[in-house]
Structure formats: structure tokens, C-alpha cells
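Residues per chain are reported as follows:
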There are 8 protein chains.
Amino acid sequence: MDEHSMRMLLEEVAAGRVTVEDAALRLRMEPFEDIGFAKVDHHRGIRQGVPEVIFGATKTPEQIAAIAERILAGGDGSVIITRMSPEAADEVSGRLPLRYDAVSRVGIAGKPTEERVGKVTVITAGTSDIPVAEEAAVTAEALGNNVVRIYDAGVSGLHRLLSHSEDVMTSRAIVAVAGMEGALASVVGGMASCPVIAVPTSVGYGASFGGVAALLAMLNSCASGVSVVNIDNGFGAGYIASLVNRSSSRAR
Amino acid sequence: MDEHSMRMLLEEVAAGRVTVEDAALRLRMEPFEDIGFAKVDHHRGIRQGVPEVIFGATKTPEQIAAIAERILAGGDGSVIITRMSPEAADEVSGRLPLRYDAVSRVGIAGKPTEERVGKVTVITAGTSDIPVAEEAAVTAEALGNNVVRIYDAGVSGLHRLLSHSEDVMTSRAIVAVAGMEGALASVVGGMASCPVIAVPTSVGYGASFGGVAALLAMLNSCASGVSVVNIDNGFGAGYIASLVNRSSSRAR
Amino acid sequence: MDEHSMRMLLEEVAAGRVTVEDAALRLRMEPFEDIGFAKVDHHRGIRQGVPEVIFGATKTPEQIAAIAERILAGGDGSVIITRMSPEAADEVSGRLPLRYDAVSRVGIAGKPTEERVGKVTVITAGTSDIPVAEEAAVTAEALGNNVVRIYDAGVSGLHRLLSHSEDVMTSRAIVAVAGMEGALASVVGGMASCPVIAVPTSVGYGASFGGVAALLAMLNSCASGVSVVNIDNGFGAGYIASLVNRSSSRAR
Amino acid sequence: MDEHSMRMLLEEVAAGRVTVEDAALRLRMEPFEDIGFAKVDHHRGIRQGVPEVIFGATKTPEQIAAIAERILAGGDGSVIITRMSPEAADEVSGRLPLRYDAVSRVGIAGKPTEERVGKVTVITAGTSDIPVAEEAAVTAEALGNNVVRIYDAGVSGLHRLLSHSEDVMTSRAIVAVAGMEGALASVVGGMASCPVIAVPTSVGYGASFGGVAALLAMLNSCASGVSVVNIDNGFGAGYIASLVNRSSSRAR
Amino acid sequence: MDEHSMRMLLEEVAAGRVTVEDAALRLRMEPFEDIGFAKVDHHRGIRQGVPEVIFGATKTPEQIAAIAERILAGGDGSVIITRMSPEAADEVSGRLPLRYDAVSRVGIAGKPTEERVGKVTVITAGTSDIPVAEEAAVTAEALGNNVVRIYDAGVSGLHRLLSHSEDVMTSRAIVAVAGMEGALASVVGGMASCPVIAVPTSVGYGASFGGVAALLAMLNSCASGVSVVNIDNGFGAGYIASLVNRSSSRAR
Amino acid sequence: MDEHSMRMLLEEVAAGRVTVEDAALRLRMEPFEDIGFAKVDHHRGIRQGVPEVIFGATKTPEQIAAIAERILAGGDGSVIITRMSPEAADEVSGRLPLRYDAVSRVGIAGKPTEERVGKVTVITAGTSDIPVAEEAAVTAEALGNNVVRIYDAGVSGLHRLLSHSEDVMTSRAIVAVAGMEGALASVVGGMASCPVIAVPTSVGYGASFGGVAALLAMLNSCASGVSVVNIDNGFGAGYIASLVNRSSSRAR
Amino acid sequence: MDEHSMRMLLEEVAAGRVTVEDAALRLRMEPFEDIGFAKVDHHRGIRQGVPEVIFGATKTPEQIAAIAERILAGGDGSVIITRMSPEAADEVSGRLPLRYDAVSRVGIAGKPTEERVGKVTVITAGTSDIPVAEEAAVTAEALGNNVVRIYDAGVSGLHRLLSHSEDVMTSRAIVAVAGMEGALASVVGGMASCPVIAVPTSVGYGASFGGVAALLAMLNSCASGVSVVNIDNGFGAGYIASLVNRSSSRAR
Amino acid sequence: MDEHSMRMLLEEVAAGRVTVEDAALRLRMEPFEDIGFAKVDHHRGIRQGVPEVIFGATKTPEQIAAIAERILAGGDGSVIITRMSPEAADEVSGRLPLRYDAVSRVGIAGKPTEERVGKVTVITAGTSDIPVAEEAAVTAEALGNNVVRIYDAGVSGLHRLLSHSEDVMTSRAIVAVAGMEGALASVVGGMASCPVIAVPTSVGYGASFGGVAALLAMLNSCASGVSVVNIDNGFGAGYIASLVNRSSSRAR
């Protein structure tokens, strides 16, 4: 049960349309359910107001399918699965409705939201950064945000980024995705007036050290509104961008 | 350069009034000027509502005072000065109205805003993290946010943090400040439903490596809404928290 | 010959039930035996009071089988083999009685102890940490300890851990296993009153640097009773937990 | 929140005496309060037998004195203060009874325990490691343990350590303190049958990197019973050694 | 359109041989063209005066071929493709004229320049450094430079390098390629009077850390004219050497 | 004797205006002169065609003065002294004509060249980078180059850099000086058509690690013409820029 | 260039038979040729008694075979090939007499020396270190040294090493090979009175960082006679041990 | 413990004159005492010919003086004190005959040996490396070796080193001392036929990381006879050079 459903239930109680008895029944789930190898956190939806997320990279297809089933059975409308292999996608889609994106390796099981609010912009420095960017973009869409994509706009050809300055300047949250020297975050951060979530990627070689060069650059950004997530963590950036965008979009 | 200007330039070349050398240079510079510069500069003008910020650590008292004077003369109501030594505070306060906070080493020159909207919560793990936390808190206040402080609530005594869970759960942005192992960010991130900006501090010794242990912990946080700024960067965290909180508070 | 057997032999001598001659014969082993590629340390059982252990990762199945045979021939009841491949398990089980666990990759050759004393609790942050945790748990069981397992209780969903606080607070030794940001150790360390042996795991990606982030976090733990072993060293943690638990359980 | 409380809350909502907003917040906070807080806080009360500890390094003399006074006023018999400067010692001893040790920089305010049980042995590789070793030794004594000191017994002169093998083999917990290459931990770990808590020190120069070389060596120890604490963390090692020794000594 | 073509066009305009109308048409391309996954930067040739370059390592054979076609269609005479797999070479050569070098993995699509000016010398320490050196050499040749190769002239056999001192002393730019300890750059830098571009390679093992040892050595070179590019970045070094050599060779 | 003087002497010999006898006398210096604590390299001027340079940081004022005297006595017109303390400047100026610049801490002893050719542009990201930039600029001037300075043009305020694009595009060599995230090098490298020598500075805090973040960013620059020198090595960058600019300016 | 040659060169210039350009180049190259090259080359001839060595890891079987043939054709009695794959061994043994050792992966082509002088002892901590140790041992034998092997004598079972103290104390050079914590070097260094060459190995996992832990430990050894070579560099250690042993054995 | 002693122990147990507890302890300690201790201690006596060494850096002047007095009282002719402050020198020289060298900070207390055998050559790259080099040289002299010094012979001016090739080629041991890029070791290693002990120094700035760049370069040296000691460890290098030189010089 996510926060939205809970509030709606309470409204019904307040309005006298649902009895205390029925409401108690529906609220009386354990905050988590232990399914042997994992604890499904049913309270998380209430606590944080968003669908459950499964980090698929270290789980077997069977484990992913089992957890997803349990979550959806708990009443959530959908569950996001990241770092999901095509094999896992096959397994899950045999048991549950699944929308799977092969570039970002993100799957949405259940019934995805159709809502799209505000404006989250996802920008990459190069073409190789696109899979990470798509993880952010698909995540943000699954969480109900409008997403604009600006790809291959690295700072060594500044006009490519400048030609999109309109989008940069009107976003409510921006995800800046770059490997190598990660300079994109600072340039975007200097142009934008909304929070910029920087995602260093492991794209590069030699002294990029698997994304460390970009990570350090982003942490040291001379632009004030830039915060950083882990290397290649497109999901985290999309999630945070959604928190920011939806919060600022709610009342408009 | 629009079609018209380009044709005019070529006419000049054809007429021998502009040399090939000069024309080539203007054509090389074209995409920067045409697409970007004007917009960037224009946008900058629009953003003037946010106070300017001076990073005081690497400037002399005289330089700080001079820059602050110039900014205020430009019409800004106030200017935030971070990492400001008491000596610099003396110098500036001799020339301009200044409110100086010795713990955070932040000064506000000019006429600070009285506005306070929404709710930003600043949490520290230990008492030694307070100066960095205050940099965040004072910054956020100077930018017009209500700030709640929860200090010395490290995770090795969980009851200290849990007793503040109401504030954690009703904030619109949280700044989590911790040195040593930086676990605070993950615990807070798991409780909150708003963005958490984590600030690693250089508090610790030995294998804390001046804040690296906390930085890495925060980047690897298992909680989804956590992003990270540079070690000891209280200002940056306060600034981002303000962007998030004010954006979500605007229309309510 | 382990310490227990030696003491029993000496008791017999003291009681006059075994002659000096016979005792001398049984004690007259070399402190170690050189079998070409390895020196089997027959004295270790006497010195440290526990079964021999073979680190299987860097040995061929044949080498493992040969060393295990030699140790059991030396009179030890059982030998623990860690990081043992299924192939090595096949090889050894063709020559010796073997109990093999595929998750932890630990094998016990010979006749395992049936004794179970005290209470060692093994906790993991996520499901991906389970193989390392099982290495600790199976080791501790093989050394004669009662083991309680609490898995997938990471700090971003604190209630999952809190619901087990009874076990945490009544253990005589705890093994806390976590990758990513390793915050589990600090939270458990703050709740427990017994020694906590923290095991960083290589679970994670990007700035987890193969377990370094968790390792540093654990070394910097703000909780006082936490000590740390090498990344993924489940065996070491189980071994130390056994030393602590058995020592404190002996006389009760 | 048990079934009863939840029903009562819903009744209040139905009756319009509690708003939906407030009810939603209470349901979000529920698992933390219900499961954890009370137990954690209760358990903390039970543990009051162990003296409180103040980490003095980052506090002013006044802060230390004030905290110590408050703790003793709370009924604890004594409080341990680590990394205490002589200045802080002066300040505190002007206000409270204090036993201060200048080598370890540890102070005991209040009435120290006279109890001494079991046997903790503290060993150093060199003379420069003594201050860290004394922090461990004085801590362990303040917590009621018998402490044996073996100093300057580094492995490049093996006879120095071997001449103390009886103490090594009869301890219930050993603290091994070494900088430079940290080999002491492995050699002691191979001789002892009790847990060895290894403390890397920042003693050394060049490629010792402030204790990193010793830290890594100790984490990679080939001896099984060795766990590690932070660089120069004598207090932590003494504390853990006390947990181990006292637990195993209780019933004898 | 590269700078040379643009200048020629302007000369024609100035001379009245091309009308303003026709020139405007040819200049009226967008500075870049968006082909979905990548933005082809047509303005780069004008801005920097050299052929486009495709970094092949992270692109599929199809992507490489598509981008190359688009660039050549834009009027450039040739395009350099680095880190190109044999598979990509097959794909491209089925669609475009391609000259492919299997050692350096560099391909030149289109009609390579025949021009060769000045003198760029490429030196390696060992035979294993040759692929990186060839990337530099083939790049420099594709950009119109005479290239001298001196391979396997590491400093532990100084006579090998000294026997080539005439070439070292008469070059206009030198590329020094070395792994392991990277000492070559300092020795060459001390002999030469032209800029030395040092390329650390990942050749080595153990404490070479994939080229870090050589990188640090080169950054700390005691010879004044040495600058450094990324590990294994033969292309970058050849490109810079070309900029230097061609600039100094232009007017002679 | 530098290369220029030597060539002039040989011209005189060729022209019969100087006898072989006289020329031999002037050429008959040792390639170096041993003055006890240092070997003055009289051949360097001939080999590399530039004035001698003394790295002042690790030498006493007396040593600097002695070496400078010896070099000037060898016939060189001037000697550059870098990292020179005011004390050393006092000492030297008491014995030799000296022009000393307190910001860059560079001194020129003897008779500085008046020549100024071509165009070297030195750009900084922030004001704190200016001392390093001045070391580059003063060095380049001392070596006979025209120098343009563009300071405080960091990428978070792109308009500051774009307003100087003409200088960027018409330089023959550019020195890009930046600390923190070092993004300046990539942006400048994308705009310029000449070699860019990037100088990371130690400006920054926390995860800038004394310039490492900027260093890595610059090594990973996505712009092709960028090479890198050691952290804070303004002299080296100015020296290389001079080699490039003078070589390309010679014949025009 | 002596006075006479220089005068002759000047005469040629004066006579117009040598251009100023050529004369300037010869004068620039002069100190290298005059002082160094000849001597270095001459000395190299003298050293021909030591067999040549081929580092096989980065060469194809064909390259190895070709180089080995060439060396033997040059008159050397044998050539040592390290890091040689079985495939390369096959290739070479089809063309030349070859003695190949599969454990150390060292091959000796040609006619190996039968000489064996002095005493080099090679010690390992564990069985996994044996391949590196054998590289040292086989190398030392190929260079004419008596070699004693002591394997699996790690310091956690000290009696295994102590039982060989006679060999340790009578060696003329010792190679100590250890991964993990590398403590062996210090213990052996404290027992021996000859030089100890320490070889860190990449044996280990987690915080051994591929041999870095052992490397640092060995560099920080508290024993005075220990020097260190690269991780896994058995060849280098065997070579140095041979230099030491043969030099000290020569005249006895 | 031989058979006889063991039987006697058992007789005592049988007779009730020794408890089981005590017997068990003696059997646990047995391999250490029996095999090792006596021999180690005996051997130490034999080695008394080499002077004792005191590492002065971490000791007070009083401690140094006291230890030196005790050693000399034990019969040693002299004692070497390294890293000795002038204050400590004052203190010691007031109590004992002392020869103190202020550059290397080495003192020799007692009656230094007059013997000088063989030839140890100490070479530095720059003048700043001299203090470390002198520590090696003075140590080697104090241990009875002839020492040749070649200072400021860095590889960027190769002729300075080449002019000393005679000394390089006739030494029995060479100490190569260099900071920055540490290339000296490889060049010297390629010229010499004796062992080269490389000492990285902390001379440098920026990416020299306090000597790490030189350390890594030396560990990766492409010359075969090079081994390495800790950063700035002149003493260790001088000590090892003495072991090598004296051993090879003994019988000639």
C-alpha cells in the first residue's frame, strides 16, 4: 500500500464511507513480510510514497519474479526492477505483466502509472552514457514525471548543449550523466536554476579509473546546485529527480 | 548568425571590405555567440533574485569586502559569504552591515531576507559535525527557509534519531551531516520521503582519511533518495536543500 | 590432536589409567609434517584448540583432498574447508566423508562436532550478502556454536532490524555482514552489548570499490564494540565469533 | 501499534477528531515506534553498568567537564575520557575527582572500579606504539580487567616475543599494537588461542601512509583469530578486549 | 567542412568566382546534425581545422559506419576512427572506402590526405608499447605529418636511445610512449628541444597499476618540455603532436 | 651559451669574421660544471635553445644566488628562478640584477629578453588559480612570448569564457589553469584550434585531494588537443606553451 | 668531442664544407656521444657473460622463438624466458633446445650453465606463493646458484620457519615470497644476516588489493636488510639474489 | 622438547607433581621453545659485530642517550643513530663521544670503525635528494665501506651521469636516490652490473604524492638488478649496500 492509497482510505473513513472495521483490516499488514531470502518492505510505500524497487543485478530471475509477485500482491500498482537481465525479464513476464526496456535494463511489473507531471531533463555527455541515462529517464517516467532527453551534448562541443538551453533553464530537476572528465555537471549546473543530480559513469579508460575521475569532478563542481550519486547509478538519479520535480509540481 | 547576417558578411568579403582571415574567424565563433551567449547572459539576469555567494576561504579580507560592496552596489539585497575568517568579518563589518556567525563562519552582508518557508531539517551524527551543519543551516536560512536542527543523533544510539522521526518524516528536504562512517545518511534516507542531501565531514581519524570513508559510505547508500556533496560542503547542501524546499513550498 | 584430546590424555596419565609410555607414543608427533607443497601443522590443534582449516580457493581438488586426509590421519575429528569449489567437493567426498554446503562453499570433512553452545547471531544488510554470511554461519556451527540468522535487515528499512532486537541484545557474539555503505555494523554495534565482528562484502558497484567503502565505514564505526575482518572474510568472522561465544559459554 | 490502538486511531478519524494528515503521519511512523524505540531505550538502561565514554579529541575542556559532570550526576560511578589534553585534564580535575594518564591521554573521572578479572595482554611492536597501547591498557583496566603489558616485541627480533609466549598463550584476549608493517598481529595470532584485536598505528614514515600499511597487513592476516580496529584506536581495542575477557571470565 | 575548405570558399567569394548566394548555401548548414544517438559536429572542422574523429571503442560497427557516412556526406575528405575493431572495419569497408591498420586499430575512411610536413618522432620504451605508439603514428600521418618511429629504446639500455639522438634533436614534436616506470619521457625530454607529449601505457604488472606508475612518473618529469595525456591515449598524443608540428612547419 | 648565440658564432666562422681559434676558445666549455652541491648544465642552452631555469623551492637563498651567478658567468643573458621566496629574491638582488614578481614568485636574473612573439593565452577558472597562472604567464614572457590573460572564467558562468572566444580562437598556445573539477580544460579545448596545456591546481578542499580531481578530469578530457602537466606546475605549462608558440611564430 | 675534433669541425664550417645547421646539430649532440655512448656500449660487451632474458608475457610464441634464436646465434650459451606460456614453450622447443618449467613458467633455451655456487634460499609464506617463488628459484639456478627451497612457512605457524633457521642463517641471499600481509619478510629479515629480497605476491583477496598490502608491509619492514621488488616479480628477485650470492661467493 | 624431556614431564604428571593444566601449557609452547628461541638468540650473539642502530625520529634526546649508553656499555664499539635532531646530538655528546652529521642527521656514538672496504656508490637525481643520500652514505661509511658520491646527476641532463659511468660500472653496490619521477634508478640499473638499491625520496610536489610516484617508478623499473626500500629510507639502503659490498669484498 503506498501513501496515496492510504490517504484515500483514511479520507473514506473520515467521510464515513468505509467502516473502521474494514479499514483496520486493510491496514493490518505486517510492515514487512519475510519470504526466506528477502524481507519485502510493505511499509515502504506508505513511508516514502513511491512504488517498491527491486535491484535486479544480484538476484536470480526466480528471486526477482517471486519478490515482484509478493509486492504486487500487497496492493502496490507497480514495481520497478533495475539492472534486470533479459533472462529475468523473460521469467517475470511469464508470470506478471511486464514492460521491459533493453537499453536501460529497467522493467516495470504490474500496471505502470500513466501520470506525467512537471519536467525532468536528462542530459548525457556522450553516446556511451546513454544506457545509464535511460535508467534515470525510464525510472523517472515510471514514477510519473515528464522527461526530456538531451544526449551527446558534451562540453567539448559547447554549441550542442547551448542549443538546448531553453530546456535546461525550464526544468524542475536535471540529471546530468557523464563519464571521462565529468565536466558536463558543472556547465549544466551553471546554466540551470533547479537542482542538478550528477551521475558519473564508468565510461572512459586509463585514468578515468572506472568513473572515479568523473565522480571527483562532479563532487568538486564549481556550480552550487549540483549533488552526486554513485557511479552508473541512473536509477538513484531518476528517483531523486522525481522526488524534486513531483514535490515542486504538486500544487501547480 | 542568421542567414541575413551571414549574407552581409559574405557581401563584405566579396566587396573586399572584410578580409578572408576576419571572416573565417567570425564564422568559427558563430555557434557560440549565436546560440548560447545571449541566452545564458539573459538567464543570469533573471536569476538575480537569489543572493550572490562569495567563497571566502581563498580570498583576503580586503578582496571579500570589495567584492561584497560591488555586489550590493549592483542592487542585490544581501550576499552570503562562506568560510569567512573572523578577520574578514571585522573588515567587512567596518564597511557594510554584516551578520556573522562564528560557528559556521558564514556572514550575511547587506539586508538578509526575513522570509522563511517550508521545512529543511539539518541532522548531524556527532557534535563535531556541527560547524558544517551550521554552514548548511545558516545558508538555508539566508535563502529564506525554515530550518529544524537535530544534532548529535548518530546511529550508534538509534533512539536519539528515532525520537525525532516526526521531523524527519515531515521535512521537504533534509541535510544529513556525518563524518566517521557516515551511516546517518542511509538511516535517515530510509525514514524520509523527501530528498536527503548527504554531507560527509572530515571528522574522524585514521582510516576516515579526512572524510573519504563517510563520502564513500554516502555514495553507496542503500536508501534511494540520497545524493551527496563534497566533504565539509555545508554550503552546497544548504543551497540544494533550499532549491528543493522552496520549489516545493512555493504554491502551498 | 586438538587441545581437548590432549588434556583428556593428560588426565588419564594423572589418573594412572594411561602409562607414560603410551602417552609419549601418542604425543610424539612432529609439530608439523612436510608433504612437499604444504606443511601440515599438527600442533595447531593443541595450540589453538580448534580443528584445522584449509583455505580452498587457491588449491587444486587433489591438494585439498591430500591435506585433508593427512590432517584427519593426525587424529583430528574434522577439518573445515573454505572457498571450496563443487569440483573439489566431489574429489574429497570420493575419498573422505564430507558435508558440503553450496551457498557458503564450505565443506566439513571427517566427523563434524554435534555440540552447539551459546548464541552467535549472523546478520546481513541485503540478500546479496548471504553467501558471505553463510560462510560465517556454517563455520561457527562447525566449531560448535548455536547460530541465529537474520538476513536482509539493512538500515534503510530500520524496522526490519528493530523487529529482531531481542536476538541482537541476547547474543554473545554477532557477525554483521554488509556491502555497499556498511552502515549495518554501526547500528548493530549500537544495539548490542557483545562484541560485533563486522564483515565488509564486495557487494555493490561503482564507488563501493569492491568492498572498500564498507570496509572503511566499518573501521570508522562510531559504535565501540565493533572490530573488522577482511572483505568477504566470512570464515574469519565465524571463527572469531566462535572464540568469543565459546569462551563466554564454557562455564555456564 | 497494536490492533487496538490502530482501531482507536481510525475511530478518531471517523469521528473527525483526528485529521487525515495526522493519521497518515502516525501510520508512517508506526513501525519505528512500535517495534524498536522502546526496546532500544530500555536495553540502554540495562547497560548502565558499563561506564560512559567521552571522546575528548574534538571537544573543548569546558565541554568535556560539563559532559562528565552530567554523566556522574546521572549515577554512573565513573566516566572514561579518551584523547584528553593536559589542559582538559586540568579543567576537569578542578571540578571532579580525576585520574589522568599522560602517556595514553586517558582520564577516569569519578570513582574508578577496583575490580580486575581475567587476563588481557597488550603487546606492541616498538616503543613508539606505546601511547596507543596504553590507551588500550588503561581503558581495559578502567573497565575492570587484569592487564599484562609486553612492549617493544616486534617480529624482527623474534626472541623478544617468544620469551613471553606463556603470557600470550594464557590470555583471554590480546591487543596487538603495531605500526610500520604490522606483522606482529599475524605472529601473535598464530601463537594465541584467544581473540586478537589488532590496532594499526600511524607510527612509520613514507609508504606507511599514516598507518595504512599496518592496517592492510592486519586485515590480511594469515592467522585466523585476528580482527582489526581503526588506526590508533587503542580505546576501541581495549573496550573489545574487555568485552571478550569479562564475558569469558564471569563464571570462573 | 573543415577550415581549409571554408577559407578556400571565402577566397573564391573575395575573388568574385563564387557568388554570395552560393556561398551562403554551402555555409548554411547547422553547426551540428542530430542523428538520434549522436550529434555529428559539422562545425568542428571549421573550428579546429582537422578531420572529424570517431572514438570507436564504445560504438557498434553499425553506429560507426553511420556516423562516418554522415561526416563524409558533410564534405570532409576523410574521417579517422580509433579503437576500431576488425568487425567494425569490415562493416565500414562494405559501405565506404577504408584504410585500416590492425596494430593500431585505427581506420581512415574516405580519401586520406597525401600531405606530409615537418617531423614527428614516436618513441617507445618496449615492444609491448607499439600498439599505442602506432595509434599515435597513424593518427599523425592521417593528419598530414612525416613520422619517424624509434621503437624498443627503453632507458635500461641507454645506447639504444642515444644512437637515435639525431632524430630526437631534429624533431618538431615527439611522442614518448612507455609503460612500467615511464622513465623514457624524462630522458627524451632532457635531450630534445621541441615539445614532448608523453603517453603512459598500461603495459606492466603488479605495482604498475594499469599505467598509473608511468603516468605519475611522466607528470613528475624533471625535464621541462614534457606534457602528458591519458594512459594508452596514443590518438591524443598523435593529434597534439600534429598541432605542434604543422603549426611550426606551415611557413617554412 | 644558448643555441642562438652558438648559431651566430658559427655564422661568423662560416663568414670568416671569426677565426677557428677564437671560436674554439668560446666553445671550449665543459658541458657541465660541478659546483659541489649542484651541476650547472652549460650545454642545456645549446641543446634546448632556452635560458637556464632554477627550481627555487628546495634551495637556500645562497644556493640560488650561487647557481645564478655561475650560469650568467657562462654567458647566458638571463636565468629564470621559479618558486622563489622573497628572502631568496633579496639575496639574489644583492648580487645580481633581478626582476622579481611576488604573485608568481618568479624571478628573472640578468638581462631579460625584450622579444615578444605570437600569442599565448593563459586562462583560469577562479581567482585562487591566479598565482599558478602567473607562474605560467611570467615564464612565457621571460621566454619571449606575447601573453594574454583571461582570469576567473570558470565554466559555471559560461558567459565569462564565451565573451573571450576571439582570444581563445586566435591563440597559438593556451594554458588552462583550474582546480576543483578542472572542467575548464575541456571547454577551452573544444573551442580552440591550438594545443591546450592544462594545469590542475591544488585549489579546492575535501574530495579535490590537493588537485587530484582536477588532474584526473584534465587527463580524461573529451577534447582532443589537451595535454596535462603536474599539479600547480605553472612554469612547465608556460615553458611548453612557449615552445609551441615560438616554433609556430618563428617564420611568420 | 675533443679539442682537436672541434677545431676540425670549425675548419670545415669556415671552409664552407659543413653548413652552420649541421655543425650546430653536432655540437648539440656532442656530450652524449663523447662521454657516454661508447662507454655504455663497451661495457655492455663485457657483461655478455650473463645470459640474456626475454620477458615472455607480452610477446607471441613466434616473437619469443625469433628473439631467442637471434640471441643464441649471437653466441650466448643460453637465454632465460620468463612468463612463458606452454604454447610458447611448444613453439620454441620445436626450433631450439629448451628446458621448460610449467610451475614457474620459466624456460631456458640453449645450453644452461651447470655451475652452482654459494647458497640462495627461497622461502614462501603459503602454497599459493609457490609459482612466484619458483620463478625466482629457477632463475637463480639458471644463473648458476645453489638454491634451497622452504615453502609454506608462513608466520602464523612460526615453528615451521624456525625449524629451518639453520638455512636462513647460512644463506648468502634470501628471497622471501609472500602475499596477504607479507609479514614473512620482516621475520626472515630479523633472523638473517644476509640481504633479503622481498617479493610481494598477488595472492589474497579483498583488502590485499592484488598484492598491495604485502608490498606496503614489505616496504615498511622493521628489519634492516630487506629490499623489495614489484608484485609477483620472482624473476627480479632471483636475479638480484644471484648478483649478491655470486659476488660474495666468487673468491671463496 | 625431546623424547626424554617429554617423558619426564609425563612422569611428573603421573606422579601428581605437575598439574594437567601446566603440562598442557608446556606442550602448547613446545615447538617455539624447542626449535626456535635458542637458535635465534644464539645467532643474535654471533651478529654482534655489526653496530647496533637506533631510529632516533620517535625518541626523546634522553631516551636516545640512555639507549646508546646501554649499548656501548654492552661492549659494542659504536652505535649508529639515524634521524637524530641537533638537540638529541647535544644531549648525547654531553654523555658519550659522538660524531654527528647535520645534513644526514646521522650520529655515530662510541668509537667508529676506521675500516673501509670495496666500493659503494651513492647517486642522486637532484640537490634536494642529498640529505637522504647522505643518510645512506654516512651509514655505509659507519659500517666500514668506501663510499663514492655522485650528486645532481638526474636523467634530464644525461651527460652528467654518463660522465661518471666509470664509477657506476665498477661499484659493488649502488644506492640510487631520487624523488619526482625516480627515473634515475632505471638508467643506473641499466648501466651497472652490481645490485642497485633504489631509494625514492619525498622530494617533489603535486602528483609526486610525497614520494609515491618515485616509489612506483622504481618498483616497475625495466632494469633487472634494482630493488627498492621505503621512501626517504637512506639508512636502509646504506645498510643493504654495506651487506652486499662487504660480503663481496671480504675475500679479495
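For the structure given in this document, a descriptive report is provided here. Computed from a predicted model, the values in this text were never measured in an experiment.

**Let's talk about the overall build of chain A**
When helices and strands are counted, chain A shows 11 helices and 11 strands. Expressed as a percentage of the 252 residues in chain A, the buried residues total 67%. Total accessible area on chain A stands at roughly 7800 Å², and carbon and sulfur atoms take up 50% of it.

**A look at the sheet that holds strand β3 (residues 98–101) of chain H**
All names here are of chain H. Pairing is mixed across the open sheet formed by four strands, whose spatial order is β1-β2-β4-β3. Both outer strands of the open sheet, β1 (52–55) and β3, are each paired with one neighbouring strand and no more. Each adjacent strand pair in this sheet contributes to an overall mean axis angle of 15 degrees, direction not counted. Bridge analysis of β3 against strand β4 (residues 106–110) gives four bridges, and the strand direction is antiparallel. Bridged to Leu98 within β4 is Ala109.

**Things to note about the interface of chain G and chain C**
The extent of an interface is frequently quoted as the accessible surface area lost upon association of the parts. Every contact between the two is made by 16 residues of chain G and, on the other side, 18 residues of chain C. Per-residue buried area on chain G facing chain C is highest for G:Thr127, G:His159 and G:Tyr205; these three make up 43% of the total on that side. Where chain G packs against chain C, one counts zero salt bridges. Joining chain G to chain C, the criterion identifies four residue pairs in polar contact (both at pLDDT 80 or more). Classifying every residue of the side of chain G that touches chain C gives six nonpolar, eight polar and two charged.

**Brief notes about the pattern of salt bridges**
Evaluation of the coordinates by the stated rule reveals 80 salt bridges over all chains. The salt bridge involving G:Glu134 is made with G:Arg149; its shortest N-O contact spans 2.6 Å. Taken as a pair, G:Glu134 in helix α5 (residues 130–142) and G:Arg149 in strand β6 (residues 145–150) lie far apart in primary sequence, 15 residues in all. When salt bridges that share partners are traced, they join A:Glu69, A:Glu91 and A:Arg95 into one network.

**Brief notes about the side chain of A:Glu181**
Within the secondary structure layout, A:Glu181 lies in the loop between β9 (173–178) and α9 (184–191). Separated by 2.3 Å, the side chains of A:Glu181 and F:Ser186 make a polar contact. Apart from the residues within four sequence positions on either side, A:Glu181 is in contact with A:Val155, A:Ala214, A:Ala217, F:Ser186, F:Ala217, F:Asn220, F:Ser221 and F:Cys222.

**What to know about the packing of helix α6 (residues 130–142) of chain A against helix α11 (residues 234–249) of chain A**
Residues and elements named next belong to chain A. In contact at an axis separation of 7 Å, α6 and α11 are set at 35 degrees when each is read in the N-to-C sense. As for the relative orientation of α6 and α11, their crossing is right-handed in sense. Across from Val132, Glu135, Ala136, Thr139 and Ala140 in α6, the residues of α11 making contact are Gly234, Phe235, Gly238 and Tyr239. Grouping the amino acids of the contact of α6 with α11 by side-chain chemistry returns five nonpolar, three polar and one charged.

**Looking at the sheet that holds strand β4 (residues 106–110) of chain D**
Residue and element names in this part refer to chain D. Reading across the sheet, the four strands line up as β1-β2-β4-β3 and stay open at both edges, with mixed pairing between neighbours. Looking along the sheet, the strands with just one partner apiece sit at the ends: β1 (52–55) and β3 (98–101). Direction aside, neighbouring strands of the sheet carry axes that sit 15 degrees apart on average. Pairing of β1 with strand β2 (residues 78–82) involves four bridges; the strand directions are parallel. Residue pairing in the sheet places Val53 in a bridge with Ile80 of β2. Lying on the sheet, helix α5 (residues 130–142) is in contact with β2, β3 and β4; it crosses β4 at an angle near 20 degrees.

**Quick word on the packing of aromatic side chains**
Scanning the entire structure with this criterion turns up 16 aromatic pairs over all chains. When the ring of D:Phe235 is compared with that of D:Tyr239, the centres are 5.8 Å apart and the planes differ by 50 degrees; the resulting orientation is tilted. Linking D:Phe235 with D:Tyr239, this pair stays in helix α10 (residues 234–249), spanning four residues, or about one helical turn. D:Tyr239 carries the same exposure label as D:Phe235, and that label is buried. Above the face of the G:Tyr205 ring, C:Arg83 is positioned so that its terminal group lies 4.3 Å from the ring centre.

**As for the environment of D:Glu87**
Residues and elements named next belong to chain D. With respect to the secondary-structure elements, Glu87 resides in helix α4 (residues 86–93). A residue is classified by how much of its surface remains accessible, and Glu87, at 51% relative accessible area, is exposed. Glu87 sits 46 residues away from Ala133 along the chain, and the two C-alpha atoms are 22 Å apart.

**Section: the state of the cysteines**
Residues and elements named next belong to chain B. On inspection of all chains with the given rule, the structure shows zero disulfides over all chains. As a non-bridged cysteine, Cys194 has Cys222 as the owner of its nearest cysteine sulfur, 17 Å distant. Residue classification places Cys194 among the buried residues on the basis of a relative accessible area of 7%.

**A word on the side chain of F:Ser208**
Note that F:Ser208 resides in the loop between β10 (196–200) and α10 (212–219). Taking relative accessible area as the criterion, F:Ser208 reaches 2% and is therefore assigned buried. Residue contacts for F:Ser208: discarding those within four places in its chain leaves A:Asn220, F:Val203 and F:Ala213.

**Section: the environment of B:Val20**
As for its placement among the helices and strands, B:Val20 is situated in helix α2 (residues 20–46). Sequence spacing of B:Val20 and B:Leu10 is 10 residues, and the spatial spacing of their C-alpha atoms is 9.6 Å. If we skip the residues at most four places from it in the chain, B:Val20 touches E:Arg7, E:Leu10, E:Glu11 and E:Ala14.

Calculation notes
- Residues numbered from 1 in each chain as written.
- Chains lettered and ligands numbered in written order.
- Predicted model: local features only at pLDDT ≥ 70, side-chain atom pairs only at ≥ 80, totals over all residues.
- Heavy atoms only, no water.
- Helix = DSSP H or I, 4+ residues; strand = E, 2+ residues; numbered from the N terminus.
- Buried < 20%, exposed > 50% of the residue type's maximum accessible area, 1.4 Å probe, protein only.
- Areas by Shrake-Rupley, 256 points an atom, 1.4 Å probe, with all protein chains shown as cover.
- Pairing = 2+ DSSP bridges.
- Axes fitted to C-alpha atoms, helices over the stretch in contact; angles between N-to-C directions.
- Contact = heavy atoms within 4.5 Å.
- Buried area = accessible area lost by both parts, 1.4 Å probe.
- Salt bridge = Lys/Arg side-chain N within 4 Å of Asp/Glu carboxyl O.
- Polar contact = N/O pair within 3.5 Å; in protein donor to acceptor, adjacent residues only side chain to side chain.
- Nonpolar A, V, L, I, M, F, W, Y, C, P; charged D, E, K, R; others polar.
- Left-handed = near helix turned anticlockwise from the far one by under 90°.
- Phe/Tyr/Trp six-rings, centres within 6.5 Å; stacked < 30°, edge-to-face > 60°.
- Lys NZ or Arg CZ within 6 Å of the ring centre and 35° of its normal.
- Disulfide = S-S within 2.5 Å.

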